[in-house]
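Examining the three-dimensional arrangement
Here is how the chains run, residue by residue.
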Amino acid sequence: MKFSLLVAIVPEDMEQVCIDAATEAGAIGMTLMSGRGIGGERKKTFFGLTYEGSQSIMLLTLEKGLSLKVLKAIRQLLNPAGEDSKGLVMTLPIEHLGGIDMAQVKRFEEQLRQEV
């Protein structure tokens, strides 16, 4: 079984809907971190200060086939048709993996069997 790391950088106010979308698409668990981002165009406040919005960083270890399904679910929320993207989502291949819960691997296997 091959695994991918899905990384999603989402606005903090969209964190829960992205978690829900990932879970509905088959994600079992994830690690969440806080971050700040600086975009190409800085947003100014009324005092002339710049505002870099708070963001949530989601890290998910997924079976490779499942990772595309979860990526699409999150991307649909972040980039609705005709609108600017509100975040970033990507997958990276995992070469070596240790410490994964075997119950999680069994659930990935069950999901694969249901899809085939």
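Conventions adopted
Residues numbered from 1 in each chain as written. Predicted model: local features only at pLDDT ≥ 70, side-chain atom pairs only at ≥ 80, totals over all residues. Heavy atoms only, no water. Helix = DSSP H or I, 4+ residues; strand = E, 2+ residues; numbered from the N terminus. Buried < 20%, exposed > 50% of the residue type's maximum accessible area, 1.4 Å probe, protein only. Contact = heavy atoms within 4.5 Å. pLDDT = per-residue confidence, 0-100. Pairing = 2+ DSSP bridges. Axes fitted to C-alpha atoms, helices over the stretch in contact; angles between N-to-C directions. Patch = residues over 30% accessible without salt bridge, like charges linked within 9 Å, V, L, I, M, F, W, Y side chains within 5 Å. Areas by Shrake-Rupley, 256 points an atom, 1.4 Å probe, with all protein chains shown as cover. Salt bridge = Lys/Arg side-chain N within 4 Å of Asp/Glu carboxyl O. Core = buried A, V, L, I, M, F, W, Y, C linked by side-chain atoms within 4.5 Å. 1 Å grid on protein atoms, 1.4 Å probe; cavity = no way out; pocket = protein on both sides within 12 Å on 5 of 7 lines; lining within 4 Å. Points joined across faces, edges and corners; volume = space filled by probe spheres on them. Nonpolar A, V, L, I, M, F, W, Y, C, P; charged D, E, K, R; others polar.

Right, let's talk about the overall build of the chain for a bit. A count of helices and strands for the chain gives three helices and six strands. Walking the chain from its N terminus toward its C terminus, one meets helices and strands in the order β-α-β-β-β-β-α-β-α. In the chain, buried positions account for 29% of the 116 residues. Look at the contacts in the chain between residues 6 or more apart in sequence, and 75% of them connect residues 24 or more apart.

The next point concerns the confidence of the model for the chain. When pLDDT is averaged along the chain, the result is 85; 86% of the residues meet or exceed 70. Across the chain, element-level confidence peaks in helix H1 (residues 15-24) with a mean pLDDT of 96 and bottoms out in strand E4 (residues 50-51) with 61.

Pairing is antiparallel across the open sheet formed by four strands, whose spatial order is E2-E5-E1-E6. The open sheet is flanked by strand E2 (31-36) and strand E6 (88-93), the only strands paired with a single partner. Ignoring which end each strand starts from, the neighbouring axes of this sheet average 20° apart. Sheet contacts for H1: strand E1 (3-11), E2 and strand E5 (54-63); angle to E5, the most-contacted strand, approximately 10°. Across the face of the sheet, helix H2 (residues 64-78) comes into contact with E1, E5 and E6 while running at roughly 10° to E1.

What follows concerns the environment of Leu 92. Assignment of secondary structure puts Leu 92 in strand E6. Residue Leu 92 is classed as partly exposed on the basis of its relative accessible area, which comes to 39%. When the C-alpha positions of Leu 92 and Lys 64 are compared, they lie 9.4 Å apart, and in sequence the two are 28 residues distant. Apart from residues lying up to four places away in sequence, Leu 92 is in contact with Ser 4, Leu 5 and Val 7.

Attention now moves to a nonpolar patch on the surface. A surface patch of nonpolar side chains, about 240 Å² in accessible area, is lined by Leu 88, Met 90 and Leu 92. Among the structural elements, Leu 88 can be located in strand E6. Relative accessible area serves as the criterion here: at 45%, Leu 88 is assigned to the partly exposed category.

A separate point is the nonpolar core. In this structure, Leu 6, Met 58, Leu 60, Leu 62, Val 70 and Ile 74 are the most contacted members of the largest nonpolar core, which totals 23 residues. Only E1, H1, E5, H2 and helix H3 (102-115) provide two or more residues apiece to this core. It is H2 that provides the largest number of residues to this core, a total of six residues. If sequence neighbours within four positions are ignored, Leu 6 has contacts with Met 58, Leu 59, Leu 60, Leu 62, Ser 67, Val 70, Leu 71, Ile 74, Val 89, Met 90 and Thr 91.

In this structure the tally under the stated criterion is one cavity of 30 Å³ or more. Of the pockets and cavities examined, the largest cavity occupies roughly 50 Å³. Forming the walls of the largest cavity are Glu 63, Gly 65, Leu 66, Phe 108, Gln 111, Leu 112 and Glu 115. For the lining of the largest cavity, the secondary-structure elements that each account for two or more residues are H2 and H3. For the lining of the largest cavity, the element with the most residues is H3, which contributes four residues. Considering only residue class, the lining of the largest cavity consists of three nonpolar, two polar and two charged.

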